[in-house]
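Structural features, examined
For reference, the chains in residue letters:
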Amino acid sequence: MDLFFHYLTMDYLLKGIVLTLEVTALGLVGGFAIGIVLAAMLLSRHRLISVVARAYTVIFRGTPLILQMVFVYDALPHLGIMLSAMIAGGVALALNEAPFIAEILRSGIRGVDHGQSAAGQALGMSSFVLMRRIIAPQAIRTMIPAFGNEGVNALKNSSLASFISVQELTLRSTQLASSTFDFFSVFFASGLLYLMLTGGVSAIQLFAERALDLDRPRGKGTLLQYFLPWRNYSAEAQPTKTSSGSDEAEMSELLVAPTREARIARLADLAKGPIAVEIQDITKSYGARQVFGELNLQVRTGEIVALLGPSGSGKSTLLRCINRLETWDSGDVLIGGHRVGYSSGGMVLSPSEVARQRVEVGVGMLFQHFNLFAHLTAAENIAGPLRWVHGWSQEAAAQRTQELLDRVGLGDRGDALPRHLSGGQQQRVAIARAIAPGAKLLLLDEPTSALDPEMVGEVLDVIRRLAIEEKLTMIISTHQLRFAEEVADRVIFLTDGHIVEDGPAHEVLSQPRNPLTARFIRVMSSGQTSALAL
Amino acid sequence: MSTVFPKSQRRLLSAAIFASLLPSLPITAHAADLGSSEACQALQTKYPQFKGKTLVDAINPHTPGYEALDPKDPSKYIGLDIDLAESLGSCLGFKVTYKPVAFAALLPTLQSGQADLIISDIYATKERAKAADFITYSKVFDGVLVAKGNPKKITGINLSLCGTTAAENTGFVEVPLVQNLGPQCKAAGKPVPQLQLYDNNASCIQAILAGRADTYINDVNTVDQAVKAYPDKLSKATAVTLPYHIGIGVSKTNPELRDAIVLALTEIQKSGLQLELMKKWGLDQGAIEAPTIISVK
């Protein structure tokens, strides 16, 4: 037993720990650096790049680390690259760790709900901003346990550097055992030293998990805020007043149906306005299935268009095409005269350039499943994109955010995480987020179909008010017929990717000319009375 | 948590090691004298390229007596091969640093240029001389390490090995010899010998102590050291084998270092230093051999 303690505290072995940590650090830091590049390559849109990265992964994940160490140490010198034992060990460990780290990164990134990136893209985020602000912060939470594993693995794998003469803990232990013949005391001592090191890694892992836990209560000036600056919002912009449920009277006033004359006058006005969105002969197929065959559509500035049609008729796809979240095979989409997805010279734009274009033409989007950024508070969901994409100052973004939250009746919920809000509240935040930068065109993809019936009303109210107050051009795909009639100037009925009816909302809904439209309206109105009883 | 080695014996062993270290002072003085001797001065003039340099010596430091950590100060290596390397350095004017690697990695380390020489109780065989040039410095016989009382009656690399298990290090010259016994054992109607391959001396000794292997055949001095450490558990079987030549390995791309070592080693042997060193380390079973170059193209 005293021999065990003798070896446990022996300076010679403790110095070995330093070298073990050095090799491990080289391996992990290098592995991360290479792993990030590798993950980016694996996720690349360019096939050649991802194939190269995949080949690297197969080779370095599929061969034993010890061979890689010996290769770097003994074979590279023949090619004129002479690395010291420590560097050779670190390099080999880094090369070996990289594919594992890359796969952790890749699975973490892919694990983030696709709606998050769709929302980020729709808000005009470049690929970099999207990764940095939305995907990475969410992915990192799920990746921490795997990184903990990798840290422990790297630490243990560093012992293989003993084969290439790095005087780390394992090599020191085996040599010491050879010269003293105290095999078991030496190896138990070195085992315990390893356990302490890996225990340290586990502690770091648990600390990181705790620090990144969004549901943990937080106070001003905690460590948490230091690590999560994006959550500091509450400290900077205090909610001013609550305004929820205060607008009942105002609302009902707005709900008074316009007279027939007023409607005709508005339609005449709109017809004189410039064209906001023009869809020219777009075609799109998924394999053999045709989604659109030469679809044409014009929407005037300020016009509110309701897209109706059965599921699978192409409503959502059409909306996603308008802001280039989807591509099409031929034809053009123009917003304010800009050819969406193409430069003025006719070149196809990269995802980041498309994002910039969305900002320039001022198009916002609302999603069926809200797609609020899950790791950000309601306020930060709105303020963040204003700062990151539009370059607003902290103060200006906070002020605009509070104003919008007040308008959607959530002035006191700015600090809440999306998961702590009801579906209706989330969609109201999403509306505020979409219009915050001053969007001119808003695309609404079935904004109420994922909501419980009792929440449909609150969201439709907000949209109605927007329509009146903001004078936005809106294209709304919806199943809410009464809402469409109240809010929309025009109704378009889509089936199998074709527009079969297009006309003033009141007309189409009360006297449909196409038998398909008529049947759809009949079926929908019989099933929807309850949902529409506001 | 126990040690394999009873405390009383450890004390004995420590005493033995301590005693063996006692004469080291005069020897060190002797080594210093060597460098200032006329012959060595002449060599330093003849080979100025090594003077003031630091050469890297690849070792497999698991063989007490030849090379192992100093249990008293584990930051140092000690043993005959270490003293020899220091003496060569002293005579030719270079310093030595040591690079510990697995036995099988000694030659690859030299070939890749990660080391300048190998002084690590390695037999200079024709096979190995294809990978490096060797300068012999000692002739030694193999010893046969077995469990106390030699229960399997092993007498060497012969038919007595049939049906037993031998522990050896990867790359040892004994490995093919044991393998070649297979057909002979079969012809004699006996089971073939099994081989367990390790990467250092200590693992082979542990294999016998744990009952996993029946024998470990290596140079007789190493076997003696093991028996000294575990007198209750191990013994040396009597064996008659051919002599082997222990050599210093030098890269084939560095013939000047090889030639300089031959000359310096001759001086060391002439001065009586090598004999003193072998006595100091208890390697009394080995004979000094005049430096001979073994090189195969």
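Helix and strand content of chain A: 22 helices and 10 strands. Scaling as 2.2 N^0.38, a compact globule of 534 residues should have a C-alpha radius of gyration of about 24 Å, whereas chain A reaches 30 Å, well beyond that. Projected onto its principal axes, the C-alpha coordinates of chain A cover approximately 105 × 50 × 40 Å. The burial tally for chain A puts 45% of its 534 residues in the buried class.

Residues and elements named next belong to chain B. Per the domain assignment, the segments of chain B are domain 1 (7-140 + 245-294) and domain 2 (142-237). Look at where the C-alpha atoms of domain 1 and domain 2 centre, and you get two points 27 Å apart. Taken residue by residue, the interface counts 16 residues in domain 1 and 15 residues in domain 2. Considering only residue class, the side of domain 1 that touches domain 2 consists of 8 nonpolar, 7 polar and 1 charged.

Here the focus is the nonpolar core. Counting residues in each nonpolar core, the largest one holds 222 residues, and the members touching the most others are Met69, Ile431, Leu442 and Val491 of chain A together with Ala264 of chain B. The biggest single contributor to this core is helix 5 (residues 85-111) of chain A, with 14 residues.

Now for helix 4 (residues 80-92) of chain B. Residues and elements named next belong to chain B. With 13 residues, helix 4 ought to run about 18 Å at 1.5 Å a step, and its terminal C-alpha atoms sit 18 Å apart, in line with that. For helix 4, a buried count of 12 out of 13 residues is recorded, marking the element as mostly surrounded by other parts of the structure. Among the residues of helix 4, those classed as buried are Leu80, Asp81, Ile82, Asp83, Leu84, Ala85, Ser87, Leu88, Gly89, Ser90, Cys91 and Leu92.

Burial of helix 14 (residues 315-322) of chain A is extensive: 6 of the 8 residues sit out of reach of the surface. Of the residues making up helix 14 of chain A, those classed as buried are Lys315, Thr317, Leu318, Leu319, Cys321 and Ile322 of chain A.

This part is about the domain arrangement of chain A. All names here are of chain A. When the domains of chain A are assigned, the result is domain 1 (2-213) and domain 2 (248-255 + 304-326 + 351-532). On a C-alpha basis, the centroid separation for the pair domain 1 and domain 2 is 46 Å. Each partner contributes to the interface: domain 1 provides 16 residues, whereas domain 2 provides 20 residues. Going through the elements one at a time, helix 6 (114-122) and helix 7 (127-157) are the ones with two or more residues in the side of domain 1 that touches domain 2. Taken together, the residues of the side of domain 1 that touches domain 2 break down into 8 nonpolar, 7 polar and 1 charged.

Let's shift gears to the packing of helix 18 (residues 423-435) of chain A against helix 19 (residues 453-469) of chain A. Angle between the axes and distance between the axes: these two values describe a pair of packed helices. Residues and elements named next belong to chain A. Contact geometry for helix 18 and helix 19: axes closest at 8 Å, N-to-C directions at 20°. On the basis of their axis angle, the class for helix 18 and helix 19 is roughly parallel. Crossing of helix 18 over helix 19 shows right-handed handedness. Every residue of helix 19 that contacts helix 18 at Gly423, Gly424, Gln427, Arg428, Ile431 and Ile435 is listed here: Met455, Glu458, Val459, Val462, Ile463 and Leu466. Its residues placed into classes, the contact of helix 18 with helix 19 shows 7 nonpolar, 3 polar and 2 charged.

Contacts between chain A and chain B engage 25 residues on the former and 28 residues on the latter. Those elements that provide at least two residues to the side of chain A that touches chain B are helix 1 (2-8), helix 4 (65-75), helix 8 (169-180) and helix 9 (183-211) of chain A. Here the side of chain A that touches chain B gets 8 residues from one element, more than from any other, and that element is helix 8 of chain A. A per-class count over the side of chain A that touches chain B returns 15 nonpolar, 8 polar and 2 charged.

Thresholds, definitions, all that
- Residues numbered from 1 in each chain as written.
- Chains lettered and ligands numbered in written order.
- Predicted model: local features only at pLDDT ≥ 70, side-chain atom pairs only at ≥ 80, totals over all residues.
- Helix = DSSP H or I, 4+ residues; strand = E, 2+ residues; numbered from the N terminus.
- Rg over C-alpha atoms; globule rule 2.2 N^0.38 Å.
- Buried ≥ 20, exposed ≤ 12 C-beta atoms within 10 Å, placed from the backbone.
- Domains from an automatic or database assignment.
- Contact = placed C-beta atoms within 7 Å.
- Nonpolar A, V, L, I, M, F, W, Y, C, P; charged D, E, K, R; others polar.
- Core = buried A, V, L, I, M, F, W, Y, C linked by C-beta atoms within 7 Å.
- Expected span 1.5 Å × (residues − 1).
- Axes fitted to C-alpha atoms, helices over the stretch in contact; angles between N-to-C directions.
- Parallel < 35°, antiparallel > 145°, perpendicular 65-115°, else oblique.
- Left-handed = near helix turned anticlockwise from the far one by under 90°.

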